[in-house]
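# Observations on the model geometry
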Amino acid sequence: MKRRLLFIVNVDWFFVSHRLPIAQAAQKAGYEVHLATRFTAHEERLRSEGFILHPLPIERGAGGPVALVREFAAIFRVMRALRTDVVHLVTIKPVLAGGLAARFTETGGVLAAISGLGTVFLAKGRRAWLRRFLVEKLYRLALGHPNLRLVVQNEDDFRLLQDMTGLPSEAIALIPGSGVDTDVFHPDASVGAARPVVMLAGRLLKDKGVREFAEAARLLRSDRDIGPEKARFVLVGSSDPDNPTSIDAETLQEWERDGVVELWGTCNDMAQTIRRADLVVLPSYREGLPKVLQEAAASGKPIVTSDVPGCRDAIVPDRTGVLVTVRDSLSLANGIKRLLIDENARRQMGEEGRKLALDRFRIEVIREKHLALYAELIGSGHNEV
């Protein structure tokens, strides 16, 4: 009989962008692949892949107590009915709810992927502290299955989550991101513009440093060495109404009207979009290991990013990119300016970034690491029996 693998993710588009190649590899390796998520625009595509789909009434964002109970009950029902060999939990709600459900269902092994600690670990104040306290307690409960592996994407999260959960080191795997197809994301010397394009691509959130990016662009438009004619500042992506830190549409339109940034909206071909950039920027407050920075490196683009967990793990400082102070528009502007005025440095960092991507971020490497963990969980489960 085929081994049964169940992915639980909060929404289908995140599964497509971050976990689809792993699911395809598992299916090719002989697993019967199930997916439980909230479906938006990708249900038919995922069904055509041969996956068995299970709709969930799961909403992104905190939600109220009634919604949380409803989401847990739906996840519990799916897990109890399937009795999977391995359940792969991705994003905070599935990890918490699925981890708890796995302790009360016949689930052979649990792979819990925490790609970043999210807004709850960035917010300040008494209310934020209380939420953090509760989430930490829930993580300890949810990650208590006897046959579990926790996947994190950077060393800081490894240490923090080990302290938080009490898991032994051998139960935690560090896998650098969700991988990138280096055949699709590749350098293209023929793509270029008269004025260098400085690009921030992703969800347009405060926590991604979008405000700092706009302010850095404003500063550089007034800089004597850069000015408005020597660079274009571009935002690729859209607001995210489900996220409390989303930049509102009015603010974005005001920035565009003032000539601070160009709004390119969402894109269907990220590889081609990144190839249009001369410099990729992500001044985020904290990350797991940003996919866009892996894609930028694979595309041979130099990077400017914050010196915070996840972001700093995506580059080799002063070799593939530049680190700047988080939440500091002036530091960000100086980092961008450093590369705008030095075309040779941009070229060299792009070449080194491509080497880094081939060494660390290739999707083939990421897929094999996940398949090895699935096999390890199945083997450990049989040993316990």
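My aim in this report is to walk through the structure given alongside it, one point at a time. (Residues numbered from 1 in each chain as written. Predicted model: local features only at pLDDT ≥ 70, side-chain atom pairs only at ≥ 80, totals over all residues. Heavy atoms only, no water.)

### Digging into the nonpolar core
Ranked by size, the top nonpolar core spans 35 residues in total, and within it I8, L143 and L150 carry the most contacts. For this core, the secondary-structure elements that each account for two or more residues are strand 1 (4-11), helix 4 (65-82), strand 4 (86-90), helix 5 (92-102), strand 5 (109-113), helix 6 (126-142), strand 6 (148-152) and helix 7 (155-165). The contact partners of I8, leaving out residues within four places of it in the chain, are A36, L56, I75, M79, V87, H88, L89, V90 and P94. (Core = buried A, V, L, I, M, F, W, Y, C linked by side-chain atoms within 4.5 Å. Buried < 20%, exposed > 50% of the residue type's maximum accessible area, 1.4 Å probe, protein only. Helix = DSSP H or I, 4+ residues; strand = E, 2+ residues; numbered from the N terminus. Contact = heavy atoms within 4.5 Å.)

### Topic: the packing of aromatic side chains
Using the criterion set out here, one finds six aromatic pairs in the structure. Plain terms: the ring middles of F7 and F15 are 5.3 Å apart, the flat faces sit at 70 degrees to each other, and that makes the pair edge-to-face. Ring pairs connect the aromatic residues F7, F15 and F51, which therefore count as one cluster. A cation over a ring is seen here: R276 above W264, with NZ or CZ 4.1 Å from the ring centre. In this arrangement the basic side chain of R327 is found over the ring face of Y285, its NZ or CZ atom lying 3.9 Å from the centre. (Phe/Tyr/Trp six-rings, centres within 6.5 Å; stacked < 30°, edge-to-face > 60°. Lys NZ or Arg CZ within 6 Å of the ring centre and 35° of its normal.)

### As for the sheet that holds strand 11 (residues 279-282)
Pairing is parallel in the open sheet, where six strands are placed in the order 10-9-8-11-12-13. In the strand order of this sheet, the two ends are held by strand 10 (262-265) and strand 13 (321-324), each with one partner. Neighbour-to-neighbour, the strand axes of this sheet turn through a mean angle of 25 degrees, independent of strand direction. The strands touched by helix 8 (residues 210-221) within the sheet are strand 8 (197-201), strand 9 (232-236) and strand 11, with strand 9 carrying the most contacts at an inclination of about 165 degrees. (Pairing = 2+ DSSP bridges. Axes fitted to C-alpha atoms, helices over the stretch in contact; angles between N-to-C directions.)

### Some details on the pairing of strand 10
Note that strand 9 and strand 10 share three bridges and pair parallel. Its bridge partner being in strand 10, V234 is matched across the sheet by E262. At this point the chain moves from strand 9, through helix 9 (residues 249-257), to the parallel strand 10, and the crossover so formed is right-handed. (Right-handed = clockwise from strand over helix to strand, strands pointing away.)

### Some details on unusual backbone geometry
Among all residues except glycine, the phi angle is most often negative; among peptide bonds, the trans geometry is most common. Even without glycine at this site, D318 takes up a positive phi of about 65 degrees. Here D318 shows up in the loop between strand 12 (303-306) and strand 13. By relative accessible area, D318 is classed as exposed at 52%. Of note, the phi angle at R327 is positive, near 60 degrees, even though the residue is not glycine. One can find R327 in the loop between strand 13 and helix 12 (329-340).

### Topic: the side chain of T305
Tracing the sequence through the fold places T305 in strand 12. Separated by 2.6 Å, the side chain of T305 and the backbone oxygen of L282 make a polar contact. (Polar contact = N/O pair within 3.5 Å; in protein donor to acceptor, adjacent residues only side chain to side chain.)

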